[in-house]
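Chain residues, written in single-letter form:
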Amino acid sequence: MEFYRSQVLCCTGTGCTSSGSNAIVRAFEYEIEQAGIDKEIKVVPTGCFGLCETGPVVIIYPEGSFYSRIKVEDVPRIVSEHLVKGRIVRDLLYSESLDEKENILSLNEVEFYKKQKRVALRNCGVIDPENIDEYIAFDGYKALAKVLTEMTPEAVVECVKQSGLRGRGGGGFPTGLKWSLAQKPVSDIKYVCCNADEGDPGAFMDRSVLEGDPHCVLEAMMIAGYAIGAQQGYIYVRAEYPIAVKRLRIAIGQAKEMGLLGDDIFGTGFNFDIDIRLGSGAFVCGEETALLASIEGERGEPRPRPPFPAVKGLFGKPTLLNNVETYANICQIILNGAEWFAGMGTEKSKGTKVFALGGKINNTGLVEIPMGTTLREVIYDIGGGIPDNKGFKAAQTGGPSGGCIPVEHLDIPIDYDNLISIGSMMGSGGMIVMDEDNCMVDIAKFFLDFTVDESCGKCPPCRIGTRRMYEMLEKITEGRGEPGDLEKLEQLGKNIKASALCGLGQTAPNPVLSTIRYFRDEYEAHINEKRCPAGVCKALLSYSIDPEKCIGCSLCSRVCPAGAISGEIKKTFAIDQSKCIKCGACMEKCKFKAISVG
Amino acid sequence: MKSIQELEAIRKKTLESINLRKDTEGTRIVVGMATCGIAAGARPVLTAFMDEAAKRNLQHVVVAQTGCIGVCRLEPIVEVYQPGKEKVTYVKVTPDMVGKIVTEHIVNGNPVTGYTIGYYEAHSK
């Protein structure tokens, strides 16, 4: 093994790749070679560091310098200054990594990372995901070795049970219980499947785990295989994740080459193999029975349960299905013990959870926090608050299946049960932050639009019911709402929840119900006053000119594309509401702030 | 893979190159690599330290560079940081001094007094 004095870690997750990190990697390799120090410095492409907002991100060790928003033009300077002369290029550092006195902080001291605890993401941004040796160096496949040589299948299941781990895909079903249910049936063939069909808008933690640490999922699936008595695993991953699919393929190839996948692993007689199945982007295929149907080559539609997959799953055989993030915790639990994991989190929700922060927040990205952290800490401390100092209105968790959390619940400790008690849910961990400029009716309509689109159409409550709800929301946002609409929405929502076939339909009304619960006044303003308080619903906006402030300069009437503004120079102008198309051009142009919208 | 020993061998082998990315409490060998240092021949010194560290398969040793340490007339300057110990500064270092510094100081924990700045300043006048 060569000795490198410095390593340049470049994030090559999807986020940073889209902002050009591949070119950065090439530029570093080129410049380092030009400087003649390619024997001393190693460039390592890694997975996601989590701070996607500031990508492309580069970390240089041993100093641990965190460079953010790097451009190809910056690379020669970093190489000649930092790598050749040892002078850190301060103006390119992530601004938060300097304290008030301009001292450089270590990564763990930066606000964004300080309150995080990385378990599932522990290797993301640390190792080269395309190099199995690096995974092994960070204790990779050690948990598998321990399980195969020291533990009985029953002991493995018991360990997972004791850890208190719950399904990270959304439902929060106790993982240990799921494993023991799949362990019980006697069958010659069983399957272990991984749900990597991450469909919630705004959630990308599963993708990041697969991109940054694919082997940890493979290893956990093998452990699961040993525990329940399966020899074959399938990873169902959506085709829209090309980087994740590529790295998974490389990882499986390397594991097979080393004999970590295949027959007689570690000479213990245990055989296991893993194949990939690509999904084509149907949201419903994240539902377990639909997913298994899709792997079988059938149409991705859910079926009634029971029988549960643990009894009769893939190809009619007992099947264990877990989410990517759930698997990402397994090896750590085996290595560090159930007590270690159960020592983190709250009474009924153990360990950590990854959230994808998005929407109106400064630090868009991926964060992993111990269960029980408050929403306020996530948004203000880790997330860096809301841009332009605007006010927090709500956070949507659980995507189209979840609900919103209003400002009065900012201090609630985040765990499965607390979120359900306030009408939302953990879901897969998407967290979309909304400020005062977001209209809650419009948000509810956005999520419902998604579920209407993604309904597979098998059961009428979901197929017809969600569409009727959507139409009602459309009516309300267009100013045609009538008294009684809210009650109808609530009634219909409850009925859909009670009668839909699968999780998609059963949770689809949640965004509507929870926004009605917390923002009823906003709905009522739309219905009764034909007014959108946040100024989002176009049909409800009206622009008006304040006669006190208008000096009659005619600028607005000249810029109006619809010819809706008229008046005499030096006298107050007026807007003809019947002609106004609500484009807002007049308001932008007026130098005297005389035009307002309401 | 037929045995856990095989796995352990890969782990150990790769760990050395990975150690850099962990917050280790190990030894830091810092070479002054500003213009003054480079002009005085710091680069061969730096590579000599790296070769020596690789040759001896030293764990928890980081070879890093820094800017101008300030006493340009004494370059190349090398500073050795070890947890709980006072920093040791070597001056006018040449590649052939590196082996001795690594063996006596880094491995055995006895700084090579004759190469240090204190010794040099006391005896050069």
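Because the structure is predicted, anything quoted here is derived from the model rather than measured. (Residues numbered from 1 in each chain as written. Chains lettered and ligands numbered in written order. Predicted model: local features only at pLDDT ≥ 70, side-chain atom pairs only at ≥ 80, totals over all residues.)

## So, the overall build of chain B
Check the secondary structure of chain B and you find five helices and four strands. Scanning chain B from its N terminus toward the C terminus, one meets helices and strands in the order α-β-α-α-β-β-β-α-α. Dimensions of chain B, computed from the C-alpha atoms along their principal axes, are close to 65 × 30 × 25 Å. The proportion of buried residues among the 125 residues of chain B is 40%. (Helix = DSSP H or I, 4+ residues; strand = E, 2+ residues; numbered from the N terminus. Buried ≥ 20, exposed ≤ 12 C-beta atoms within 10 Å, placed from the backbone.)

## As for the pairing of strand β2 (residues 41-46) of chain A
Judged by how many residues are buried, β2 of chain A sits mostly within the fold: six of six residues are covered. Across the two faces of β2 of chain A the burial is the same, with Ile41, Val43 and Pro45 of chain A and Lys42, Val44 and Thr46 of chain A all buried.

## With respect to the packing of helix α9 (residues 205-212) of chain A against helix α11 (residues 242-257) of chain A
All names here are of chain A. Close contact between α9 and α11 brings their axes to 8 Å; oriented N to C, the two are set at 35°. In terms of crossing hand, the pair formed by α9 and α11 is left-handed. For the pair α9 and α11, the contacting residues are Arg207, Leu210 and Glu211 in the first and Ile243, Ala244, Arg247 and Leu248 in the second. Of the residues contributing to the contact of α9 with α11, the split by class is four nonpolar, no polar and three charged. (Axes fitted to C-alpha atoms, helices over the stretch in contact; angles between N-to-C directions. Left-handed = near helix turned anticlockwise from the far one by under 90°. Contact = placed C-beta atoms within 7 Å. Nonpolar A, V, L, I, M, F, W, Y, C, P; charged D, E, K, R; others polar.)

## Points about the domain arrangement of chain A
Domain assignment breaks chain A into domain 1 (6-109), domain 2 (132-342), domain 3 (352-435), domain 4 (440-528) and domain 5 (542-597). The distance between the C-alpha centroids of domain 4 of chain A and domain 5 of chain A comes to 37 Å. (Domains from an automatic or database assignment.)

## What to know about the pairing of strand β2 (residues 61-66) of chain B
All names here are of chain B. In terms of residue burial, β2 counts as a mostly covered element, since six of its six residues are buried. Residues Val61, Val63 and Gln65 of β2 are buried on one face, and the alternating residues Val62, Ala64 and Thr66, pointing to the opposite face, are buried as well. Relative to β2, strand β1 (residues 27-32) runs parallel, the two sharing six bridges. Bridged to Thr27 within β2 is Val61. (Pairing = 2+ DSSP bridges.)

## Details of the confidence of the model for chain B
All names here are of chain B. In the predicted model, chain B carries a mean pLDDT of 86, and 93% of its residues have values of at least 70. Across chain B, the secondary-structure element scoring lowest on mean pLDDT is β2, at 83, and the one scoring highest is strand β4 (residues 88-90), at 94. Here the predicted complex carries an ipTM of 0.77, next to a pTM of 0.87. (pLDDT = per-residue confidence, 0-100.)

## Considerations on the nonpolar core
All names here are of chain A. Counting residues in hydrophobic clusters, the biggest one holds 211 residues, and the most contacted among them are Val217 and Ile223. With eleven residues, the single largest contributor to this core is helix α10 (residues 214-228). Discounting residues that sit within four places of it in the chain, Ile223 has contacts with Ala143, Leu144, Val147, Val156, Ile330 and Ile334. Ranked by size, the runner-up nonpolar core spans twelve residues in total, among them Ala564, Cys590, Ala594 and Ile595. (Core = buried A, V, L, I, M, F, W, Y, C linked by C-beta atoms within 7 Å.)

## Quick notes on the interface of chain B and chain A
Taken together, the contact between chain B and chain A spans 26 residues of the former and 28 residues of the latter. Of all the secondary structure elements, the ones that give two or more residues to the side of chain B that touches chain A are α1 (4-18), α3 (42-55) and β2 of chain B. Each residue belonging to the side of chain B that touches chain A can be placed in one class, and the counts come to 15 nonpolar, six polar and five charged.

## Notes on the sheet that holds β2 of chain A
All names here are of chain A. Within the open sheet, the four strands sit side by side as β2-β1-β3-β4. Their pairing is mixed. Lying at the two open borders of the sheet, with one neighbouring strand each, are β2 and β4 (65-67). Averaged over all pairs of adjacent strands, the angle between their axes in this sheet comes to 20°, without regard to strand direction. Here strand β1 (residues 6-11) pairs with β2 via six bridges, running parallel. Looking across to β2, one finds that Ser6 is bridged to Ile41.

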